Amino acid sequence: TDRIIVEADGGSRGNPGAASYGALIRDAETGEVIAQRGETIGIATNNVAEYRGLIAGLALAREHAPDADVEVRMDSKLVIEQMAGRWKIKHADMKPLAEQARQLLPQPVTWTWVPREQNAAADALANAALDDQAAGGSGLVGGAWMTPRTTGSTGWGAQRGEPTTLILLRHGVTESTD
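Cut-offs used in this document
- Residues numbered from 1 in each chain as written.
- Predicted model: local features only at pLDDT ≥ 70, side-chain atom pairs only at ≥ 80, totals over all residues.
- Heavy atoms only, no water.
- Pairing = 2+ DSSP bridges.
- Helix = DSSP H or I, 4+ residues; strand = E, 2+ residues; numbered from the N terminus.
- Contact = heavy atoms within 4.5 Å.
- Axes fitted to C-alpha atoms, helices over the stretch in contact; angles between N-to-C directions.
- Salt bridge = Lys/Arg side-chain N within 4 Å of Asp/Glu carboxyl O.
- Buried < 20%, exposed > 50% of the residue type's maximum accessible area, 1.4 Å probe, protein only.
- Lys, Arg positive; Asp, Glu negative; His and termini not counted.

(A) Here's a closer look at the sheet that holds strand E4 (residues 69-74). In space, the 6 strands of this open sheet follow the order E5-E4-E1-E2-E3-E6, with mixed pairing throughout. Two strands in the sheet have a free side with no partner beyond their single neighbour: strand E5 (109-113) and strand E6 (140-141). Alignment of strand E3 (residues 33-44) against E6, held across 2 bridges, turns out to be antiparallel. Bridged to glutamate 39 within E6 is leucine 140. Sheet strands in contact with helix H4 (residues 120-134) are strand E1 (3-14), strand E2 (17-27), E3 and E6, and its direction is about 140° off that of E2.

(B) Geometry of the environment of glycine 10. Relative to the helices and strands, glycine 10 is located in strand E1. Setting aside chain neighbours within four positions, we find glycine 10 in contact with Ser20, Tyr21, Asn46, Ala49 and Glu50.

(C) Expanded view of the pattern of salt bridges. Summed over the entire model, instances satisfying the criterion amount to 8 salt bridges. In this structure, glutamate 39 engages arginine 37 in a salt bridge whose closest nitrogen and oxygen atoms are separated by 2.7 Å. With a relative accessible area of 22%, glutamate 39 lands in the partly exposed category. Owing to a relative accessible area of 10%, arginine 37 belongs among the buried residues under this scheme. Taking the shortest distance from any N to any O, the salt bridge between arginine 102 and glutamate 99 comes out at 3.9 Å. Of this pair, arginine 102 and glutamate 99 both sit in helix H3 (residues 94-104), 3 residues apart, which is roughly one turn of the helix. Assessed through its relative accessible area of 37%, glutamate 99 is described here as partly exposed. Within the structure, one salt-bridge network assembled from shared partners comprises Arg3, Glu71 and Arg73.

(D) Molecular detail of the environment of isoleucine 4. Within the secondary structure layout, isoleucine 4 lies in strand E1. Isoleucine 4 sits in the buried class, given a relative accessible area of 0%. As a C-alpha pair, isoleucine 4 and isoleucine 25 span 21 residues in sequence and 6.5 Å in three-dimensional space. Every residue in contact with isoleucine 4, bar those within four places of it in the chain, is listed here: Ile25, Arg26, Ala28, Ile34, Ala61, Ala65, Ala68, Asp69, Val70 and Glu71.

(E) View of the pairing of E4. Looking at chain direction, E1 and E4 are connected through 6 bridges and run parallel. Bridge pairing in E4 links alanine 8 to methionine 74. The sheet contact formed by E4 and E5 spans 5 bridges and is parallel. Opposite glutamate 71, over in E5, you have threonine 110 as the bridge partner.

(F) Focus on the environment of threonine 110. Its place among the elements puts threonine 110 in strand E5. Distance in space between the C-alpha atoms of threonine 110 and valine 70 is 6.4 Å, their sequence separation being 40 residues. Setting aside anything within four residues of it in sequence, one finds threonine 110 in contact with Val70, Glu71 and Val72.

(G) Just the side chain of glutamate 50, in detail. Within the secondary structure layout, glutamate 50 lies in helix H1 (residues 46-64). Although buried, glutamate 50 forms no salt bridge, and the nearest oppositely charged side chain, arginine 116, lies 7.8 Å from it. Setting aside residues no more than four positions away along its own chain, glutamate 50 makes contact with Asp9, Gly10, Met74, Asp75, Ser76 and Val79.

Take it as geometry only, folks, not as evidence of what the structure does.
Next up, the structure:
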């Protein structure tokens, strides 16, 4: 993939409140989702959640398309303008998050603010993570770090009903076991 699009969003139910992010990467030519992730992050502000979504999206881009040109699309004017260098980052909580995002940046990056309606896929991942946690789940959606890329309707990412939940257990006792 020569060019990918990172779509990211974050949200907080209450501000601050239960927070999550959603992030995905798409092939810019085909629109195909290459990888996605939604995860709860505990109690945080909306802006912190937005930055966490950006960081997750950039990490997905680095993992799946490290040499691609990247366009970041978010409905957070604050994050887009701060990362593009047009607005100063004044809030102490945002500075380390912006620095973490900068360390993941490939070159070149295009920063695009989009209306909320055009960021629906990332928003849905963030909301699904919060809904899953509220229902007693892990608060993680979209696979571990990725949804494997598919071609056609078969393979790992094929839609075949309810997703499988894997629970990893460690058996045994060590010096570190409580």
